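Chain by chain, the residues run as shown.
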Amino acid sequence: MSMSVSRIARAVAAKDLRIELRSRVVSNQVLPFSGLVMIMFAFALDNDDVLQRVAGGLVWLATLFSLFILVQRTFAVETYDGALDSLRVAGVNPQGIFIGKSVALFVQLLVLELVLFVAAVVLYRVNVNGSGVVLLVTCVLCATAGLAFVGTLYGGLTAGARGRETLLPLLLLPVVAPVLICATRATESAFRSGGVTVGEGWPWVGVLAVFAAVFGLGGLLSFGSLIEE
Amino acid sequence: MSTEAQTFKGVGTPATRMYGLMAIVALGWVLLGGLIFTPEDAVQGDAVRIMYVHVPTAWIAYLAFIVTGVASACWMIGRKHSLGFDRVAGASAEVGVVFMAMTLLSGSLWGRITWGTFWVWDPRLTTTAFMFVTYIGYLAVRGLGGTAQQRARRSSVIALLAVLEIPLVHFSVVMWRSLHQRATVLSPDGDIKMDGLMLFTLLFGVFGFSVLFAWLVSHRQRIMAMQDARQTSALDVAVAERLKEAQA
């Protein structure tokens with residue numbers, strides 16, 4: 001009996017999130033780490049006006065740093081006792097695994113970004129209201145979907161490889177550069193940093209949506225051959 | 001060891017020797033033409049001579065990555081998953097990374113002389129830098145180990161994802177610059193009035209470097225084929241030895 005892709009995806013996502021809830025690695029280590037990064041940015045820049053101006057970029061940089069840790073972790077639990085191989089041997093549809101792991105990563109990233117944006121409001125004194133909130137939420141959803149897809153894709157590729165801790169950032173950073181550029185510009189518009197208007201942010205969100213669609217599709221097509229060893 | 005020496009016959013053929021010679025002659029002409037025969041530029045002076053290396057290496061770097069993408073797609077589409085395509089993809093990416101490093105180096109030196117700065121956040125420069133890093137990552141993936149077929153599968157996916165990634169990077173950088181930096185950058189080749197000999201030397205440089213590229217890639221992929229064959233034969237030898245041990 002073969003399960004449908006959506007059932008596999010739900011099972012994989014639920015399993016990943018349950019592991020994170022119980023192990024508390026994200027809540028006790030990754031979230032404090034990203035909060036610390038936001039404080040370190042303030043130390044390095046040491047100027048309230050500059051911080052307010054570049055807050056959007058700092059939030060997304062901190063997200064990328066934490067993305068590496070999260071991706072590393074989500075595949076460490078799979079390769080640790082050969083779980084990924086077992087799934088493959090059992091004939092589980094790789095597209096289901098890809099969607100499931102992407103969804104779990106998406107949820108974890110959203111929690112992380114919520115903490116980072118609260119930190120930006122509290123520590124960097126940014127303001128966001130009205131139409132800015134709509135732009136910000138849409139931007140976060142599109143950017144996070146893109147990050148979750150590429151994170152799962154490249155995480156699956158490097159899972160189990162020698163030197164994956166150093167290889168993953170090398171592969172992933174150039175790929176997520178468009179997300180950093182577009183999400184930062186859209187977030188700056190939502191914050192109205194440096195006199196930009198909210199309306200100027202929407203074209204960037206469009207690119208983020210295209211990015212998520214391209215890598216979502218790319219992942220569905222290629223994930224199977226990446227994890228098959 | 002002696003058997004290895006016997007099987008090693010080199011990687012050159014009459015054809016590669018011929019276009020190796022063509023590359024030497026062409027690049028020799030570019031050296032003379034670029035440094036001595038061509039006049040200096042009215043605006044840039046002697047600095048314009050960097051062009052004879054910079055433009056051909058940039059062209060080869062982009063060509064190399066196109067070859068890598070096409071060869072990877074051929075590996076993936078082909079029913080037999082022929083490792084020949086994978087080796088061409090890998091060899092081409094290696095040569096491409098070297099040429100792209102030369103492009104970035106010669107470009108930043110040229111930029112320092114003509115623009116007064118090593119680097120500007122121009123879309124073309126930024127995308128080139130990202131391609132460079134992306135293909136360094138591609139080569140790292142090729143070095144992950146495993147069998148030749150595993151290497152081919154992984155690296156073909158990475159190469160095709162890079163084909164998706166590069167236009168997205170380029171597009172977002174173009175958008176970033178067009179909205180943020182209104183000052184226009186002096187284009188390195190937009191406002192140069194080129195005389196006939198300069199243009200000829202430049203085109204001849206493109207030709208010479210193209211032949212050099214073909215020469216390097218064909219040798220490199222043959223060396224890879226030998227390495228793959230050696231890995232397979234080493235495995236066969238080990239299996240035979242274990243069998244002998246078991247029978248003894």
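Not measured: the values here are computed from a predicted model.

### Looking at the overall build of chain A
- When helices and strands are counted, chain A shows eight helices and zero strands.
- Listing each helix as α and each strand as β along chain A from the N terminus yields α-α-α-α-α-α-α-α.
- What you see for chain A is a C-alpha radius of gyration of 18 Å, in line with the 17 Å of a compact globule of 229 residues.
- Seen through its C-alpha atoms, chain A measures out along the principal axes to roughly 60 × 30 × 30 Å.
- The burial tally for chain A puts 47% of its 229 residues in the buried class.
- Of all intrachain contacts in chain A linking residues separated by at least 6 positions in sequence, the fraction that spans at least 24 positions is 85%.

### Concerning the nonpolar core
- Judged by nonpolar contacts, the single largest core of 124 residues is most densely connected at Cys139, Val150 and Leu208 of chain A together with Ala64 and Phe213 of chain B.
- Among the elements that make up this core, the one with the highest residue count is helix α6 (residues 131-158) of chain A (14 residues).
- Ignoring sequence-local partners within four residues, the contact set of Cys139 of chain A consists of Ala183, Ala186, Thr187, Ala190, Gly201, Val205 and Leu208 of chain A.

### Some thoughts on the interface of chain B and chain A
- Taken together, the 21 residues of chain B in the interface contact 21 residues of chain A.
- Per-element accounting of the side of chain B that touches chain A gives the leading share, 14 residues, to helix α6 (residues 148-180) of chain B.

### What about helix α8 (residues 202-227) of chain A?
- Helix length check: α8 of chain A, at 26 residues, gives a terminal C-alpha distance of 36 Å against a target of 38 Å (1.5 Å per residue), a fit within 8%.
- Helix geometry: α8 of chain A is bent most strongly at Leu221 of chain A, by close to 45°.

### Remarks on the confidence of the model for chain B
Residue and element names in this part refer to chain B.
- Per-residue confidence for chain B averages 84 on the pLDDT scale, and 90% of its residues sit at or above 70.
- pLDDT under 50 marks residues 1-6. Its contacts with residues more than four places away, or in other chains, come to zero contacts.
- Here residues 181-190 scores under 50 on pLDDT; set against residues more than four positions off or in separate chains, the count is six contacts.
- Reported confidence for the predicted complex is 0.83 by ipTM and 0.85 by pTM.

### Observations concerning the environment of Ala104 of chain A
- Mapped onto the elements of the fold, Ala104 of chain A is located in helix α5 (residues 94-124).
- With near-sequence residues (within four places) excluded, Ala104 of chain A lies in contact with Ala13, Asp16, Leu17 and Thr74 of chain A.

### Here we look at the packing of helix α7 (residues 164-191) of chain A against α8 of chain A
All names here are of chain A.
- The geometry of α7 relative to α8 is characterised by a closest axis approach of 8 Å and an angle of 145° between their N-to-C directions. Regarding α7 and α8, the two cross each other, and that crossing is left-handed. Across the interface between the two elements, Pro178, Val179, Cys182, Ala183, Arg185 and Ala186 from α7 touch Trp204, Val205, Val207, Leu208 and Phe211 from α8.
- The residue inventory of the contact of α7 with α8, partitioned by class, reads 10 nonpolar, no polar and one charged.

### Considerations on the packing of helix α3 (residues 48-79) of chain A against α7 of chain A
Residues and elements named next belong to chain A.
- The geometry of α3 relative to α7 is characterised by a closest axis approach of 8 Å and an angle of 150° between their N-to-C directions. Relative to α7, α3 is oriented roughly antiparallel. Crossing handedness for the pair α3 and α7: right-handed. Across from Ala55, Gly56, Gly57, Val59, Trp60, Leu64, Phe68, Val71 and Gln72 in α3, the residues of α7 making contact are Glu165, Leu168, Pro169, Leu172, Val176, Leu180, Ala183, Thr184, Thr187, Glu188 and Phe191.
- Of the residues that constitute the contact of α3 with α7, the class distribution is 13 nonpolar, five polar and two charged.

### Digging into the environment of Asp122 of chain B
- In this structure, Asp122 of chain B sits in the loop between α4 (83-114) and α5 (123-142).
- In sequence terms Asp122 of chain B and Leu164 of chain B are 42 residues apart; their C-alpha atoms lie 21 Å from each other.

### Topic: unusual backbone geometry
- For Arg24 of chain A, which is not a glycine, the phi torsion comes out positive at approximately 60°.
- Take Arg24 of chain A: it is sitting in the loop between α1 (5-23) and α2 (25-45).
- Of the residues examined, Arg24 of chain A has 9 C-beta atoms within 10 Å and is grouped as exposed.
- Of note in the backbone geometry, His81 of chain B takes a positive phi value of approximately 45° without being a glycine.
- The residue His81 of chain B is located in the loop between α3 (51-77) and α4 in this model.

About the thresholds
- Residues numbered from 1 in each chain as written.
- Chains lettered and ligands numbered in written order.
- Predicted model: local features only at pLDDT ≥ 70, side-chain atom pairs only at ≥ 80, totals over all residues.
- Helix = DSSP H or I, 4+ residues; strand = E, 2+ residues; numbered from the N terminus.
- Rg over C-alpha atoms; globule rule 2.2 N^0.38 Å.
- Buried ≥ 20, exposed ≤ 12 C-beta atoms within 10 Å, placed from the backbone.
- Contact = placed C-beta atoms within 7 Å.
- Core = buried A, V, L, I, M, F, W, Y, C linked by C-beta atoms within 7 Å.
- Expected span 1.5 Å × (residues − 1).
- Bend = angle between axes of the 7 residues up to and from the residue.
- pLDDT = per-residue confidence, 0-100.
- Axes fitted to C-alpha atoms, helices over the stretch in contact; angles between N-to-C directions.
- Left-handed = near helix turned anticlockwise from the far one by under 90°.
- Nonpolar A, V, L, I, M, F, W, Y, C, P; charged D, E, K, R; others polar.
- Parallel < 35°, antiparallel > 145°, perpendicular 65-115°, else oblique.

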